[in-house]
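The primary structure of each chain is shown beneath.
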Amino acid sequence: MGKNILKGVFLVGLGATSYGMLATMVKLSYKQGYTTAEVTSSQMILGIIGMLIINFFQKRNKNTPAVKATNKNKLHLIIAGTSMGFTSVFYYLAVVYIPVSIGIVLLMQTVWMGVVLEALLTKTLPSLRKVIAVIIVLAGTIMATNLLNTTEVPNWRGIVLGLLAAAAFTANMFTASRIAVHLPPSKRSLYMLYGGAVIVLTFTAIAWPGTYNFDIFIKWGLVLAIFGTIIPPLLLNKGFPLTGIGLGSIVSSLELPVSVTMAFIILQEKVTLTQWTGITLIILAVIIMNIKYRRDK
């Protein structure tokens, strides 16, 4: 059992680290002149192709038990996957207006949004532990966005888009952990990507300026697809059942420091001590929310 948990921690950690690298790659692609529509569409299309290939080989593998998805399963997963598409569009648009280090902090507002959504769905008040965690997240956010030490407020469009991305990601986490969980991770990921593609391609059509640079598929699309739509869903869907939601959530918060560190080193974004302290507080809040896991063990 201990080995399984360790394996789960490793898988979730790798998945979260992979997600953490995305925003920096997107920012670099913007510097080369690519648009949000080109970035999101290439990532989604290549991600679907990659997942189709994985499913094809798994189908041919006689050691893999065949589990069929019903039409109802497919429909529910596709609908759930639209939240994945909204997350990509909103988050990638957000980092057009704000630094990556602030964008990822806004995305981590899923911590308190998840508490609110859970309270609404279950019609019960959150525990004191969760309320304390939410307060810590909000305090950490104020510090991590550097609002205390600057008179220059981050671009409001970036803030709104970042919060919308967090709301979409919250919906994605809730639906992904509850719909057709009996299916293999690769099959679930494929149908969810179909739903995400509907949103992304609709956005691409709306935002299309009349030209499309297909070089994006070679230069950034493949890398973004691997680290954003292929590896993380597979690793997280495989790792979370081994770690449990509590420990898995703690490990997945690695996405925050990885993303900020990448932006600090590669994009040379300025990250102050106050911001690092705020980031630490947000991770602490995630641990507090899930500390019950360790006591139950």
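Refer to the structure printed above.
This is a predicted model, so every value here is computed, not measured. (Residues numbered from 1 in each chain as written. Predicted model: local features only at pLDDT ≥ 70, side-chain atom pairs only at ≥ 80, totals over all residues. Heavy atoms only, no water.)

Spanning 17 residues, helix α6 (residues 128-144) covers 24 Å between terminal C-alpha atoms, matching the ideal 24 Å at 1.5 Å per step. Buried within α6 we find Lys130, Ala133, Val134, Ile136, Val137, Gly140, Thr141, Met143 and Ala144. Among the residues trailing α6, Asn146 stands out with phi positive, at a value near 65°. (Helix = DSSP H or I, 4+ residues; strand = E, 2+ residues; numbered from the N terminus. Expected span 1.5 Å × (residues − 1). Buried < 20%, exposed > 50% of the residue type's maximum accessible area, 1.4 Å probe, protein only.)

In a regular helix each residue adds 1.5 Å, so 13 residues correspond to 18 Å; helix α5 (residues 110-122) covers 17 Å between its end C-alpha atoms and thus fits that length. Considered for burial, the residues of α5 that qualify are Thr110, Val111, Met113, Gly114, Val115 and Ala119. The positive-phi residue at the C-terminal boundary of α5 is Lys123, with phi of around 55°.

Right, let's get into the packing of aromatic side chains. Within the structure shown, the criterion is met by seven aromatic pairs. Relative to Tyr92, the ring of Tyr91 has its centre 6.3 Å away and its plane inclined at 40°; by these criteria the two rings are tilted. As far as burial versus exposure is concerned, Tyr91 and Tyr92 are alike and both buried. With 6.3 Å between their ring centres and 45° between their planes, Tyr212 and Phe217 make a pair best called tilted. (Phe/Tyr/Trp six-rings, centres within 6.5 Å; stacked < 30°, edge-to-face > 60°.)

Secondary-structure assignment places Leu117 in helix α5. What Leu117 contacts, discounting residues up to four positions off in sequence, is Thr170 and Phe174. (Contact = heavy atoms within 4.5 Å.)

Moving on, we come to the packing of helix α4 (residues 100-107) against helix α10 (residues 255-265). Between α4 and α10, the least distance of the axes is 8 Å, while the angle of their chain directions is 165°. Classified by the angle their axes make, α4 and α10 are roughly antiparallel. Read as a crossing pair, α4 and α10 show a hand that is right-handed. Contact residues: α4 offers Val100, Ser101, Ile104, Val105 and Leu107, while α10 offers Glu255, Leu256, Ser259, Val260 and Ala263. Among the residues making up the contact of α4 with α10, the classes are represented as seven nonpolar, two polar and one charged. (Axes fitted to C-alpha atoms, helices over the stretch in contact; angles between N-to-C directions. Parallel < 35°, antiparallel > 145°, perpendicular 65-115°, else oblique. Left-handed = near helix turned anticlockwise from the far one by under 90°. Nonpolar A, V, L, I, M, F, W, Y, C, P; charged D, E, K, R; others polar.)

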